[in-house]
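Overview (structure and organization)
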Amino acid sequence: MYLPPHDPHVDDPMRFKPLFRVHLMERKSATVECMYGHRGPHNGHIQIVKKDEFSTKCNQTDHHRMSGGRQEEFRTWLREEWGRTLEDIFHEHMQELILMKFIYTSQYDNCLTYRRIYLPPSHPDDLIRPGLFKGTYGSHGLEIVMLSFHGKRARGTKITGDPNIPAGQQTVEIDLMHRIQLPDVESLRNFNELSRIVLEVREQVRQEQQQQENGLEDGEGRGRQSPREPQRGPAQPIVEPPAEKVGAPGDGEAAAAAAPAPEQPAHSGQGQPFVLPVGVSSRNEDYPRTCRMCFYGTGLIAGHGFTSPERTPGVFILFDEDRFGFIWLELKSFSLYSRVQATFRNAEAPSPQAFEEMLKNIQSLTS
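Residues numbered from 1 in each chain as written. Predicted model: local features only at pLDDT ≥ 70, side-chain atom pairs only at ≥ 80, totals over all residues. Heavy atoms only, no water.

The protein chain has the name F-box only protein 31 isoform X4 in an unreviewed UniProt entry, where Callorhinus ursinus is given as its organism.

A look at the overall build of the protein chain
Using the following cut-off: Under the DSSP-based scheme used, a helix requires at least four consecutive residues in state H or I and a strand at least two consecutive residues in state E, with every element numbered from the N terminus. In this analysis, two residues are considered to be in contact whenever any of their non-hydrogen atoms come within 4.5 Å of each other.
Each helix and strand in the protein chain was counted, giving 6 helices and 18 strands. Within the protein chain, contacts between residues separated by at least 24 positions form 56% of all contacts whose residues are at least 6 apart in sequence.

Some remarks on the sheet that holds strand β4 (residues 30–34)
Spelled out, the test is: Pairs of strands are assigned from DSSP output, requiring at least two bridges between the strands. To get an axis, a line is fitted to the C-alpha atoms, and for a helix only the part in contact is used. The angle between two axes follows their N-to-C directions and goes from 0 to 180 degrees.
The strand order across the open sheet formed by 5 strands is β3-β4-β5-β6-β7, and the pairing between neighbours is antiparallel. In this open sheet, the two edge strands, each paired with only one partner strand, are β3 (20–24) and β7 (112–115). Each neighbouring strand pair of the sheet contributes to a mean axis angle of 35°, computed without reference to strand direction. Examined bridge by bridge, β4 and strand β5 (residues 42–50) share 2 bridges and lie antiparallel to one another.

Things to note about the confidence of the model for the protein chain
Put simply, the rule is: Note on scores: pLDDT gives the predictor's confidence for each residue, bounded by 0 and 100.
Per-chain confidence: the protein chain averages 84 in pLDDT, with 85% of residues scoring 70 or above. Within the model, pLDDT remains below 50 along residues 224–269, and this stretch shows 66 contacts once partners closer than five positions in the same chain are excluded.

Quick look at the nonpolar core
Heads up, the rule is: For our purposes a nonpolar core is just a set of buried Ala, Val, Leu, Ile, Met, Phe, Trp, Tyr and Cys residues, chained together by side-chain atoms within 4.5 Å. Burial here depends on accessible area, computed with a 1.4 Å probe over protein chains only, as a share of the maximum for the residue type. Under 20% is buried, over 50% is exposed, and the range in between is partly exposed.
Ranked by size, the top nonpolar core spans 26 residues in total, and within it Ile-180, Leu-182, Phe-274, Val-315, Ile-317, Ile-327 and Phe-334 carry the most contacts. Sorting elements by how many residues they give to this core places helix α4 (residues 191–222) first, with 6 residues. Ile-128, Phe-149, Ile-174 and Phe-324 belong to the second largest nonpolar core, which has 19 residues in total.

Topic: helix α1 (residues 69–82)
Worth spelling out the cut-off: Helix span, expected: 1.5 Å multiplied by one less than the number of residues in the helix.
For α1, spanning 14 residues, the distance from its first C-alpha to its last is 20 Å, which sits close to the expected 20 Å at 1.5 Å a residue. All of the buried residues along α1 are Glu-73, Phe-74, Thr-76, Trp-77, Leu-78, Glu-81 and Trp-82. Among the structural elements, β1 (2–3), β2 (15–16) and α2 (92–106) are those in contact with the buried residues of α1. Two residues or fewer past α1, Gly-83 is found with a positive phi of approximately 70°.

Regarding the packing of aromatic side chains
Rules: For Phe, Tyr and Trp, where Trp contributes only its six-membered ring, two rings pair if their centres lie within 6.5 Å, and the inter-plane angle classes them as stacked under 30 degrees, edge-to-face over 60, or tilted in between. Charges are assigned to positions over rings by a cutoff of 6 Å between ring centre and Lys NZ or Arg CZ, combined with an angular limit of 35 degrees from the ring normal.
In the structure shown here, the tally under the stated rule is 19 aromatic pairs. On the basis of an interplanar angle of 70° and a centroid distance of 6.0 Å, the ring pair of Phe-20 and Tyr-114 is categorised as edge-to-face. With a gap of 94 residues between them, Phe-20 in strand β3 and Tyr-114 in strand β7 connect regions that are remote in the sequence. Ring pairing ties together the aromatic residues Phe-133, Tyr-137, Phe-316, Phe-324, Phe-326, Trp-328 and Tyr-337, which thus form one cluster. Its end group placed over the ring of Phe-191, Lys-332 keeps NZ or CZ at 4.6 Å from the ring centre.

Thoughts on the side chain of Ser-139
Inspection of the secondary structure assignment puts Ser-139 in the loop between β8 (131–136) and β9 (142–150). Assessed through its relative accessible area of 17%, Ser-139 is described here as buried.

Some details on the pairing of strand β6 (residues 53–58)
Pairing analysis gives 6 bridges linking β5 to β6, with the strands arranged antiparallel. What sits directly across from Gly-44, in β6, is Cys-58. Hairpin connection of β5 to β6: 2 residues between the antiparallel strands, including Asp-52 at a positive phi of 65°.

A word on the pattern of salt bridges
Rule in force here: Salt bridges are counted wherever a side-chain nitrogen of Lys or Arg sits within 4 Å of a carboxyl oxygen of Asp or Glu.
Taken as a whole and judged by the stated rule, the model has 20 salt bridges. Residues Asp-109 and Arg-65 are paired through a salt bridge, measuring 3.2 Å at the closest nitrogen-oxygen approach. With Asp-109 in the loop between α2 and β7 and Arg-65 in the loop between β6 and α1, this residue pair connects regions lying 44 residues apart in the sequence. Of the residues examined, Asp-109 reaches a relative accessible area of 13% and is grouped as buried. A relative accessible area of 30% means that Arg-65 is categorised as partly exposed.

Concerning the environment of Arg-129
Counting through the fold element by element, Arg-129 comes out in the loop between β7 and β8. With a relative accessible area of 46%, Arg-129 lands in the partly exposed category. Sequence separation between Arg-129 and Asp-322 is 193 residues, and the spatial gap between their C-alpha atoms is 8.3 Å. Aside from chain neighbours lying at most four places away, what touches Arg-129 is Glu-321, Asp-322 and Arg-339.

Here it is as structure tokens:
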């Protein structure tokens, strides 16, 4: 099992924890050992369910128990998983979430089903190289997200989840057609200024979608495009030119930002100063102070048990080839993501279609 580093150190390497091992014997037989717990290897079982899927079962779950009972097991788990003690965690809500995770994960006793996941295919036109990233999720700690590119959009899919948003769900979606031009640093410190810019872009996106839907309805009704209006595809969004006026830095920039203007590629050395607005919380204050570009995006939020899920507006910030961030506008929260540098053999998807099918399958497991 690959575990993220201890919260909030997203740039630290992944941690490795053996869960089971297989001894290959003669005559095509094998023995399986469960490695879970602190009393050494013990008898286990592996069953191949179907292609790209298998299950593990521990036959001696008493080896997972500790002499000090559940309290000792919880404190040991907390030290290993979070690198701290319960006394170090003063936030009551965070204590509750950690306890929920312990109860949820420990009940399975290493009796789990595994399904293959593919790494996302890459394309020369991608903003950055797709792949796995470690991200900060407030009191939930660090989680693993897969960044993939799909034409005019990018998606962040949770590979590990939490009590609110489970694994397999699309945690962030980035609209690569609507770039956001941030104001100067002093104006950026004002959360209301950033909120105004983002909400203007959101309204523009809504209007463009409405225009496209109306265009489709007109086309279906007449069987062809209206001769009075030239056809516009999503690559050429309708953008009203910003009015020229004197005001605070950033006035009118949101509308202009949506137009595909000449811009530096993601791998260039160009950057602009970046700072989080006052009032936006971050688990990691050691975030980059320059960024390359920003885009409008949406983030998925929900209550415990994935209740009442909804997509809310936010800002995707590209820092460099290996790091990006997302500002959750409604939550006034910032997530920092850092690339997983571990290499995985035989993890490439055999085709783009196979990767898309895998994404649908893992999302359907928790929908």
